[in-house]
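# Structural features, examined
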Amino acid sequence: MNLSMNWITLRVRDLEASLDFYHRILGLPIERRFESRGRQIVMLGAEGQPKIELIQGSDPALMPECGISVGFEAGSLDEAMKELSNEGIPVARGPVSPNPHLRFFYILDPDGFEVQIAEHC
């Protein structure tokens, strides 16, 4: 079987707050926005890469300890921390350097999902 990652779905309470976080702050392009079965859906991500699918819902948000995490690569971890701090987004955990070639930290999205920002050195 030959598979490739297509998308990750996050059910969010406030679609506009999540869209602001993932699109404006993190810079993911909006691929498309549509409605399905009465729910607003936004697909985010660059061409040829896995997408993040945001679905507006009223389900309670998962807490970070549930194990949900989305990861991104940054050119500079220090610059990413500075930019996020300027947006009022605190570091939830880290930075951590488990080996000489990797550093990362976590922030939380509007629903409490963990977002890892990593730099491979």
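Look up: the structure comes first, before these words.
Being a predicted model, the structure only gives us computed values, none of them experimental. (Residues numbered from 1 in each chain as written. Predicted model: local features only at pLDDT ≥ 70, side-chain atom pairs only at ≥ 80, totals over all residues. Heavy atoms only, no water.)

### Some remarks on the packing of aromatic side chains
Threshold: Here a pair means two rings of Phe, Tyr or Trp (six-membered ring of Trp) with centres within 6.5 Å. Their orientation is stacked below 30 degrees between planes, edge-to-face above 60, and tilted elsewhere. Each residue is assigned to one of three classes by its accessible area relative to the maximum for its type, calculated with a 1.4 Å probe on protein chains only: buried under 20%, partly exposed between the two thresholds, exposed over 50%. Only Lys NZ and Arg CZ are tested; either one counts as a charge over a ring when it is within 6 Å of the ring centre and within 35 degrees of the ring normal.
Counting across every chain of the model gives two aromatic pairs. Ring geometry for Phe21 against Tyr22: centres 4.9 Å apart, planes inclined by 85°, an arrangement best described as edge-to-face. The burial state of Phe21 is the same as that of Tyr22; both residues are buried. Centroid distance Phe104 to Tyr106: 5.8 Å. Interplanar angle 85°. Geometry classified as edge-to-face. We note Arg93 situated over the ring of Tyr106; from NZ or CZ to the ring centre the distance is 4.1 Å.

### Structural notes on the pattern of salt bridges
Operational definition: Salt bridges are counted wherever a side-chain nitrogen of Lys or Arg sits within 4 Å of a carboxyl oxygen of Asp or Glu. By definition, any uninterrupted DSSP run of H or I lasting at least four residues is a helix, any uninterrupted run of E lasting at least two residues is a strand, and each is numbered from the N terminus.
A complete count under the given rule lists nine salt bridges for this structure. The salt bridge involving Asp20 is made with Arg24; its shortest N-O contact spans 2.6 Å. Residue Asp20 and its partner Arg24 are both found in helix H1 (residues 15–25); the two are separated by four residues, about one turn of the helix. The class of Asp20 is partly exposed, set by a relative accessible area of 32%. Arg32 serves as the salt-bridge partner of Glu31, at 4.0 Å between the closest nitrogen and oxygen.

### Considerations on the sheet that holds strand S1 (residues 7–12)
To be explicit about the condition: Strand pairing is assigned whenever DSSP detects at least two bridges linking the two strands. The convention used is that axes are lines fitted to C-alpha atoms, helices contributing only their stretch in contact, and that angles between N-to-C directions extend from 0 to 180 degrees.
Spatially, S1-S4-S3-S2 is the arrangement adopted by the four strands of the open sheet, whose pairing is mixed. Strands at the two margins of the open sheet, each flanked by one partner only, are S1 and strand S2 (30–36). Geometrically, the sheet is characterised by an average inter-axis angle of 20° between neighbouring strands, direction not taken into account.

### Focus on the layout of surface pockets
We count it as follows: A cavity here means a set of points on a 1 Å grid, drawn over the protein atoms and nothing else, where a 1.4 Å probe fits but cannot get out; a pocket is an open set with protein on both sides within 12 Å along at least five of seven lines, and a residue lines either one if it has an atom within 4 Å of a point. Grid points are joined across faces, edges and corners, and a volume is the space filled by probe spheres set on the points. Each residue is assigned to one class: nonpolar for Ala, Val, Leu, Ile, Met, Phe, Trp, Tyr, Cys and Pro, charged for Asp, Glu, Lys and Arg, and polar for all the others, Gly among them.
Roughly 460 Å³ of internal volume is contained in the largest pocket. Together, 24 residues line the largest pocket, and Leu26, Leu28, Gly71, Phe72 and Glu73 are the ones closest to its centre. Those elements giving two or more residues to the lining of the largest pocket turn out to be strand S4 (51–56), strand S5 (69–73) and helix H2 (77–86). When the residues that make up the lining of the largest pocket are grouped by side-chain class, the tally is 16 nonpolar, four polar and four charged.

### Examining the side chain of Glu53
Put simply, the test is: Asp and Glu count as negative and Lys and Arg as positive, but His and the ends of the chain are not part of the count. Counted as a polar contact is a pair of N or O atoms within 3.5 Å, where, for protein atoms, one must be capable of donating a hydrogen and the other of accepting one, and residues adjacent in sequence contribute only when both atoms are in side chains. Contacts: residue pairs with any heavy atoms within 4.5 Å of one another.
Tracing the backbone shows Glu53 in strand S4. For the buried residue Glu53, which engages in no salt bridge, the nearest side chain bearing the opposite charge is Arg11, 6.4 Å off. Within polar-contact distance, the side chain of Glu53 engages the side chain of Trp7 at 3.3 Å. What Glu53 contacts, discounting residues up to four positions off in sequence, is Trp7, Ile8, Thr9, Leu10, Ile41, Val42 and Met43.

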